[in-house]
Amino acid sequence: MNSSKWLMAGALCLASFTGAAYAQAKDTAKTLPKVVVLSTGGTIAGESRSSTDTTNYTAGQRSGDQLVKAVPEIAKVADVEVEQVVNISSPNMQYSHLLALSKAANKYLADPSVSGVVITHGTSTAEETALFMDLTVKSSKPVIVVGAMRPATAISADGPFNLLQAIALAVHPSARDRGALLVSNDRISSAMYVSKTNTQSLDTFQAAEQGHLGLMVGTKPYFYFTPASVPGKPYFDVSKTENLPKVEILYGYIENDAGMLDHLVGTGTKGVVVAGPGNSSLSKAMVEKITKLQADGYPVVRATRVGAGIVTPKKEGIAAGFYNPQKARLLLALAINEGADLKKTQNYFLPD
Ligand code: ASP
């Protein structure tokens with residue numbers, strides 16, 4: 001046998017050993033709590049030809065089933081059922097996927113035999129899906145979003161441990177009544193506040209103002225506080241929703257062409273979020289346009305490009321409060337879909 005054949009035989013041996021180890025561990029798992037893994041792709045399911053490539057890989061190559069089976073330790077903490085919702089790189093997520101995930105999570109969590117739901121996801125837009133779950137899933141049981149910064153083929157891939165921790169957290173009673181959570185790099189974060197802050201680092205998920213909720217030590221969660229909820233957090237019932245309105249984000253900067261706002265409104269956009277500078281202080285031209293749109297009941301949300309801090313109300317537009325632009329976009333879409341007027345929408349973003 002030449003050396004590459006030896007390598008292949010070794011890899012096959014290892015794969016069947018891993019599969020056997022998983023099956024054996026699962027055999028003893030009959031009385032374990034049940035977790036449903038909703039799999040969507042991302043880097044955690046990504047593959048590359050090179051074990052040192054952490055940027056030019058292809059996301060969404062492995063199934064959720066493969067991800068779970070690759071970690072035999074999972075079978076010791078939960079009885080896992082996998083539903084493959086989609087297998088894509090997360091910038092390709094669409095409203096239809098978010099709605100499917102929300103409906104599936106609500107359905108599974110209503111089943112008394114299910115302890116929690118885990119969503120495997122690309123990190124690029126994980127915060128958006130996590131927030132959507134936070135606003136649309138009604139259950140005291142946990143929904144946990146998890147991803148990875150390194151593809152499954154990388155040396156020291158972070159996905160397997162992240163997935164094990166997410167599943168261990170999903171069955172732990174201390175994870176209940178905290179809204180949707182995100183687990184990454186040993187940290188537990190709130191879906192409401194967490195954001196991806198670094199394109200490369202494993203320590204990418206942060207909430208600059210609010211921090212993390214707790215941490216994972218191996219498979220054991222340690223929360224810093226007992227459950228708390230976000231003041232005035234709205235809930236939207238999307239059980240009958242098939243689609244959501246088109247909402248776009250405009251970046252704010254010096255010499256902003258305010259005509260872009262007209263373009264968006266004229267091309268069927270139902271609401272706009274502006275990622276403005278500072279406390280979303282916009283140019284005179286933008287303020288004038290927003291004021292006119294507002295008089296017609298058209299929603300423009302002032303969010304910030306800064307990455308931390310609150311956006312407070314001014315005369316023009318709807319203040320995003322603590323929602324970053326990409327999260328503000330989803331909340332605005334849900335509010336428009338519900339038929340909320342500007343005042344009610346403002347109250348969703350920043351309750352009195
Ligand atoms: N492109 C990937 C995705 O978001 C990046 C990641 O998973 O981190 O699906």
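Residues numbered from 1 in each chain as written. Predicted model: local features only at pLDDT ≥ 70, side-chain atom pairs only at ≥ 80, totals over all residues. Heavy atoms only, no water.

This next bit is on empty space enclosed by the protein. For the structure on display, the rule yields one cavity of 30 Å³ or more. In this structure, the largest cavity encloses a volume near 30 Å³. For the largest cavity, the full set of lining residues is Ser184, Asn185, Arg187, Ser189, Leu202, Asp203, Thr204, Phe205 and His212. For the lining of the largest cavity, the class distribution of residues is two nonpolar, five polar and two charged. (1 Å grid on protein atoms, 1.4 Å probe; cavity = no way out; pocket = protein on both sides within 12 Å on 5 of 7 lines; lining within 4 Å. Points joined across faces, edges and corners; volume = space filled by probe spheres on them. Nonpolar A, V, L, I, M, F, W, Y, C, P; charged D, E, K, R; others polar.)

Moving on, we get to the sheet that holds strand E13 (residues 300–304). Across the sheet, which stays open at both edges, the four strands sit in the order E11-E12-E13-E14 with parallel pairing between neighbours. Pairing within the sheet leaves two strands with one partner each, and these edge strands are strand E11 (247–251) and strand E14 (318–319). In this fold helix H7 (residues 259–266) packs onto E11 and strand E12 (271–276), with an angle of close to 170 degrees to the strand it touches most, E11. (Pairing = 2+ DSSP bridges. Helix = DSSP H or I, 4+ residues; strand = E, 2+ residues; numbered from the N terminus. Contact = heavy atoms within 4.5 Å. Axes fitted to C-alpha atoms, helices over the stretch in contact; angles between N-to-C directions.)

The subject of this paragraph is the pattern of salt bridges. Any two side chains of opposite charge can pair, given that their charged atoms come close. Summed over all chains, the structure comprises eight salt bridges. Across the salt bridge formed by Asp65 and Lys69, the nearest N and O atoms sit 3.1 Å from each other. Of this pair, Asp65 and Lys69 both sit in helix H2 (residues 64–69), four residues apart, which is roughly one turn of the helix. In this structure Lys69 comes out as partly exposed when scored by relative accessible area, which is 38%. Among the salt bridges present, the one from Lys233 reaches Asp134, with a minimum N-O distance of 2.9 Å. (Salt bridge = Lys/Arg side-chain N within 4 Å of Asp/Glu carboxyl O. Buried < 20%, exposed > 50% of the residue type's maximum accessible area, 1.4 Å probe, protein only.)

Turning our eyes to something else, we now look at the site of the ligand. Within the structure, the ligand sits among Gly42, Thr43, Tyr57, Ser89, Ser90, Pro91, Gly122, Thr123, Ser124, Ala148 and Lys196. A distance of 2.6 Å separates an oxygen atom of the ligand from a polar side-chain atom of Thr43. Between the ligand and the protein, one listed contact pairs an oxygen atom with a side-chain N or O atom of Ser90 at 2.5 Å. Summarising the interface, the protein chains cover 90% of the accessible area of the ligand, which totals 260 Å² for the free molecule. The residue inventory of the shell around the ligand, partitioned by class, reads three nonpolar, seven polar and one charged. (Near = heavy atom within 4 Å. Polar contact = N/O pair within 3.5 Å; in protein donor to acceptor, adjacent residues only side chain to side chain. Areas by Shrake-Rupley, 256 points an atom, 1.4 Å probe, with all protein chains shown as cover.)

Judged by pairing direction, the sheet is mixed, and its eight strands sit side by side in the order E2-E1-E3-E4-E5-E6-E9-E10 without closing on themselves. Edge positions in the sheet fall to strand E2 (79–88) and strand E10 (220–223), since each has one partner strand and no second. Averaged over all neighbouring strand pairs, the angle between strand axes comes to 25 degrees, with direction disregarded. Contacts from helix H6 (residues 159–170) reach strand E1 (34–41), E2, strand E3 (114–120), strand E4 (143–146), strand E5 (181–184), strand E6 (187–190), strand E9 (214–217) and E10 within the one sheet, and its direction differs from that of E3 by about 155 degrees.

All right, on to the environment of Asp65 then. Classification of Asp65 as partly exposed rests on a relative accessible area of 36%. Between the alpha carbons of Asp65 and Leu135 there is a distance of 27 Å; along the sequence they are 70 residues apart.

Glancing now at the nonpolar core. Counting 51 residues, the largest nonpolar core has Val117 and Phe349 as its most contacted members. Per element, the largest residue contribution to this core is eight residues, and it comes from helix H4 (residues 95–109). Setting aside anything within four residues of it in sequence, one finds Phe349 in contact with Val301, Ile318, Ala319, Ala320, Gly321, Tyr323, Ala328, Leu331 and Leu332. By size, the runner-up hydrophobic cluster in this structure holds 28 residues, among which are Val71, Val77, Leu164 and Ile167. (Core = buried A, V, L, I, M, F, W, Y, C linked by side-chain atoms within 4.5 Å.)

So, on to the pairing of E12. Two faces belong to every sheet, and in a regular strand the side chains alternate between them. Taking burial as the measure, the six residues of E12 include six buried ones, the bulk of the element. Note: E11 against E12, five bridges, orientation parallel. Among the inter-strand pairings, Ile249 is bridged to a residue of E12, identified as Val273. With five bridges joining them, E12 and E13 adopt parallel strand pairing. Paired with Gly276 across the bridge in E13 is Thr304. Handedness of the crossover joining E12 and E13 through helix H8 (residues 284–295) is recorded here as right-handed. (Right-handed = clockwise from strand over helix to strand, strands pointing away.)

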